[in-house]
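So you can see what is in the structure, the chains are spelled out below.
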Amino acid sequence: MLLSKIDIRGSTAMTQTYSRPRQQAEIAFAQAQSKFLTRARALDELDAIADARKEKTLGLRKARLAKELEDRAGATTTASATKRSKKA
């Protein structure tokens, strides 16, 4: 018995007709491929989240280091002013 090729969504993909075992194999392959692609998309999404996290961490680290440098510069200026006032 010949059946028309049907993809996993149920629509006819081609005008050719296939035997039932071929049709079942095509459907099984499409389902496996769909699972693989879904898994790949999920991994891509996780990679994008990890990259965004790394970028945010890098930005926060730069901001923290800049603030620490500014605080050190302010402390140095304050310490210099304190030494000068004690000498006077």
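Basis of the calculations
- Residues numbered from 1 in each chain as written.
- Predicted model: local features only at pLDDT ≥ 70, side-chain atom pairs only at ≥ 80, totals over all residues.
- Heavy atoms only, no water.
- Helix = DSSP H or I, 4+ residues; strand = E, 2+ residues; numbered from the N terminus.
- Buried < 20%, exposed > 50% of the residue type's maximum accessible area, 1.4 Å probe, protein only.
- Areas by Shrake-Rupley, 256 points an atom, 1.4 Å probe, with all protein chains shown as cover.
- Salt bridge = Lys/Arg side-chain N within 4 Å of Asp/Glu carboxyl O.
- Patch = residues over 30% accessible without salt bridge, like charges linked within 9 Å, V, L, I, M, F, W, Y side chains within 5 Å.
- Lys, Arg positive; Asp, Glu negative; His and termini not counted.
- Charge placed at Lys NZ, Arg CZ, Asp CG, Glu CD.
- Phe/Tyr/Trp six-rings, centres within 6.5 Å; stacked < 30°, edge-to-face > 60°.
- Lys NZ or Arg CZ within 6 Å of the ring centre and 35° of its normal.
- pLDDT = per-residue confidence, 0-100.

With respect to the overall build of the chain
1) Next: When helices and strands are tallied, the chain shows one helix and two strands.
2) Next: In the chain, the order of α-helices and β-strands from amino to carboxyl end is β-β-α.
3) Next: With 88 residues in all, the chain has 6% of them scored as buried.
4) Next: Accessible surface, the chain: about 7,700 Å² in total, of which carbon and sulfur atoms supply 59%.

Things to note about the pattern of salt bridges
1) Next: Here the structure, examined in full by the defined rule, presents four salt bridges.
2) Next: The salt bridge partner of Lys67 is Asp71, with a shortest N-O separation of 3.1 Å. With Lys67 and Asp71 both in helix H1 (residues 20-87), this residue pair falls four residues apart, about one helical turn.
3) Next: For Glu68, the salt bridge is made with Arg72, and the minimal N-O distance between the two is 3.9 Å. Of this pair, Glu68 and Arg72 both sit in helix H1, four residues apart, roughly one helical turn.
4) Next: One salt-bridge network, in which partners are shared between bridges, spans Arg64, Glu68 and Arg72.

Observations concerning a negative patch on the surface
1) Next: Taken together, the side chains of Asp44, Asp47, Asp51 and Glu55 present a region of like negative charge at the surface.
2) Next: A relative accessible area of 60% places Glu55 in the exposed class.

Brief notes about the packing of aromatic side chains
1) Next: Within the structure shown, the criterion is met by zero aromatic pairs.
2) Next: Over the ring of Tyr18 we find Arg22; its NZ or CZ atom is 4.4 Å from the centre of that ring.

Concerning a nonpolar patch on the surface
1) Next: Together, Leu43, Leu46 and Ile49 make up a nonpolar patch on the protein surface, roughly 280 Å² of accessible area in all.
2) Next: Residue placement: Leu43 occurs in helix H1.
3) Next: On the accessibility criterion, Leu43 (48% relative accessible area) is partly exposed.

Comments concerning the confidence of the model for the chain
1) Next: Confidence along the chain averages 83 in pLDDT terms, with 72% of residues attaining 70 or more.
2) Next: When mean pLDDT is compared element by element in the chain, H1 scores highest at 91, while strand E1 (residues 2-6) scores lowest at 51.

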